[in-house]
Every structure is written in structure tokens, then in C-alpha cells.
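Descriptive structure summary
Here's the letter readout for the chains.
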Amino acid sequence: TLVCNFKGIKMTAKLIFFAGSARKESFNKKLAKAASEKAKELGADVTFIDLADYDMPIICEDYEAEHGLPENAKKLKKLFMDHDGFLVSCPEYNSSITPLLKNTLDWMSRPGEDNSNCFQGKITAIMGASPGPLGGMRMLPELRNLLCNIAMHGTHVIPKQFSLSGAGDEFDDNGNLKGDHPLFEATIKQFVEMANKLK
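Keep in mind that what you see is a predicted model, and the values were worked out from it rather than measured.

1. Some thoughts on the side chain of Lys77
By secondary structure assignment, the location of Lys77 is in helix H3 (residues 71-81). Buried within the structure, Lys77 lacks any salt-bridge partner; Asp114 is the closest side chain of opposite charge, at an N-O distance of 4.5 Å. Apart from the residues within four sequence positions on either side, Lys77 is in contact with Leu69, Met108, Arg110, Pro111, Gly112, Ser116 and Cys118.

Right, here's the structure in full:
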């Protein structure tokens, strides 16, 4: 897909979509998937990943000193290095992000043998979904703060964000988001547009 701007023609940004949950029927996986489909409709080059496919031990410097980065951390770092940005939808655990997401991001923030930083300069978007009435809203500020400061340089987190309350009733049998959600669409639109501009 080509995107035209005043400077000429360039390839559209490559974007990763994933959830901070390994649960098979996770509402946040469904939301991240729906976001990837909407971004694809807007012309983005999208990659959807499942953190269940990237199992890693709890981060520990003793483990790192003996074994180096886990292979799945290396795979994720390379994947993120090859993309321009990412969107993460995360459940709210006790008003914070999930241990899975924190552990994953912590391992990925380690420099490794090649001293690479897979977060620097990336455009990011954040979402949350919950069966409760707040839709994960209490988690989003913590996630935003983490991503703005990760690996010293942080990422560029877009201003818009989205939380889906009552998530148990918001998806059809095929996992598609039901009804109209203007802020969801506006968040995806801003994410894609900013990623394209800064590519």
C-alpha cells in the first residue's frame, strides 16, 4: 500500500497489534484484533501477534547474566525493530497493567548483545477492555507513563486512547466489535495517520 504526501510517495507505516493477555478468549485480544482490521481498512500494513506465542521467564538479572535474553525476547525485539509502531490493548489488574505485559516489555527493554533499542522513535496507541463499567480506564495512565519512559527514550504515545466497558456484550460470535464506537475509530485513525507522517 502506498501513501502519498507532499514530499512524494512512500510506503505506509508497518504497525503491530497485540494484547497484554494470553487468555484464549481475551476481550483485549478481540479488541486488538478489531483495531488491526480497522487500521487495515485505513491502508496500514498490520501485523497481529499473540503474546501466548512468546513465553518468557520472569525477568531476572541473574538469568540474563547466565543465559542472555530469552529467544522470544530476541524475536519480539527484531519484530518491533522492523515496524514503525504498535498498539496494545491491556486488561486492568488491580488498577494496573498485567504481569504478562510488564514482563514482556521489561525483557524487550534490555539492550542485549547488540545493544538495540526496539522502542525508540516508535508511535504507540493504547486501549483497554473490561467487563466492568470503567473498561480498564484506571490502567491506561500507568501504561501511558510506562511507554513514555521505557528504555530511557520512550515511545511517542498518541493523545487519543480507548476503553471498552461491558466488554462481555460488545463482541459477536466471530469476535467482531458490535455497534458504533466513534472514539475507537478516531483512535485508530490518529494512530495510523501519525505513524505515516513520522515514518
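2. Concerning the pattern of salt bridges
A side chain of one charge can pair with a side chain of the opposite charge when the charged atoms of the two come close. This model, assessed by the stated rule, comprises 11 salt bridges. Between Lys40 and Glu37 there is a salt bridge, with the nearest N and O atoms lying 3.9 Å from each other. Taken together, the positions of Lys40 and Glu37, both in helix H1 (residues 27-41) and three residues apart, correspond to about one turn of that helix. Residue classification places Glu37 among the partly exposed residues on the basis of a relative accessible area of 33%. One salt bridge connects Asp106 with Lys102, and the closest N-O pair in it is separated by 2.8 Å.

3. Describing the layout of surface pockets
Each pocket or cavity is described by its volume, and for the largest pocket that value is around 300 Å³. As for the largest pocket, its lining consists of 15 residues, and the residues nearest its centre are Ala34, Glu37, Asn176, Leu177 and Phe184. Going through the elements one at a time, H1 and helix H6 (182-198) are the ones with two or more residues in the lining of the largest pocket. The biggest single contributor to the lining of the largest pocket is H1, with six residues. Along the walls of the second largest pocket sit Glu64, Gly68, Leu69, Lys74, Lys77, Lys78, Pro111, Gly112, Glu113, Asp114 and Ser116, which together make up its complete lining. Among the residues making up the lining of the second largest pocket, the classes are represented as two nonpolar, three polar and six charged.

4. A word on the packing of aromatic side chains
For the structure on display, the rule yields nine aromatic pairs. Here Phe18 and Phe80 contribute two aromatic rings whose centre-to-centre distance is 5.9 Å and whose plane-to-plane angle is 70 degrees, an arrangement assigned as edge-to-face. One end of the pair, Phe18, is in strand E3 (residues 14-19); the other, Phe80, is in helix H3, with 62 residues separating them in the sequence. Phe80 carries the same exposure label as Phe18, and that label is buried. Aromatic side chains Phe80 and Phe119 sit 6.3 Å apart centroid to centroid with 70 degrees between the ring planes, which places their arrangement in the edge-to-face category. With Phe80 in helix H3 and Phe119 in the loop between helix H4 (99-109) and strand E6 (123-129), this residue pair connects regions lying 39 residues apart in the sequence. Both residues of the pair, Phe80 and Phe119, count as buried. Site record: aromatic cluster; members linked through ring pairs are Phe18, Phe80, Phe86 and Phe119. A cation over an aromatic ring shows up here: Arg23 above the ring of Phe27, its NZ or CZ 5.3 Å from the ring centre.

5. Details of the pairing of strand E4 (residues 45-48)
In the case of a regular strand, side chains alternate between the two sheet surfaces. Where E3 meets E4, four bridges bridge the pair, whose relative direction is parallel. Its bridge partner being in E4, Phe17 is matched across the sheet by Phe48. Crossover connection from E3 via H1 to parallel E4: handedness right-handed.

Cut-offs applied
- Residue positions are given per chain, counted from 1 along the sequence in the order it is written.
- Owing to the predicted nature of the model, reporting of local features is limited to residues with pLDDT of at least 70; listing and counting of side-chain atom pairs is limited to 80 or more, with chain, interface and lining totals taken over all residues.
- Working from all heavy atoms in the structure, the side-chain values ignore hydrogens and water.
- Each helix is a run of H or I in the DSSP string that is no shorter than four residues. Each strand is a run of E no shorter than two, and both are numbered from the N terminus.
- Three labels apply to residues, based on accessible area from a 1.4 Å probe with only protein chains included: buried if under 20% of the type maximum, exposed if over 50%, partly exposed otherwise in between.
- In this tally Asp and Glu are treated as negative and Lys and Arg as positive; neither His nor the chain ends contributes.
- Definition used for salt bridges: Asp or Glu carboxyl oxygen within 4 Å of a side-chain nitrogen of Lys or Arg.
- Residues count as neighbours in contact if any of their non-hydrogen atoms are within 4.5 Å of one another.
- Cavity means a closed set of points on a 1 Å grid over the protein atoms alone, one where a 1.4 Å probe fits but cannot get out, pocket means an open set with protein on both sides within 12 Å along at least 5 of 7 lines, and lining means a residue has an atom within 4 Å of a point.
- Grid points are joined across faces, edges and corners, and a volume is the space filled by probe spheres set on the points.
- Three residue categories are used. Nonpolar comprises Ala, Val, Leu, Ile, Met, Phe, Trp, Tyr, Cys and Pro, charged comprises Asp, Glu, Lys and Arg, and polar comprises the others, including Gly.
- Working definition: a ring pair exists when centres of Phe, Tyr or Trp rings (six-membered ring for Trp) sit within 6.5 Å. Plane angles under 30 degrees give stacked, over 60 give edge-to-face, the rest tilted.
- Working rule: Lys NZ or Arg CZ, within 6 Å of ring centre, within 35 degrees of ring normal, means a charge sits over the ring.
- Paired strands, as defined in this entry, are two strands with at least two bridges between them according to DSSP.
- Classification remark: right-handed applies to a crossover when, strands pointing away from the viewer, the course from the first strand over the helix to the second runs clockwise.

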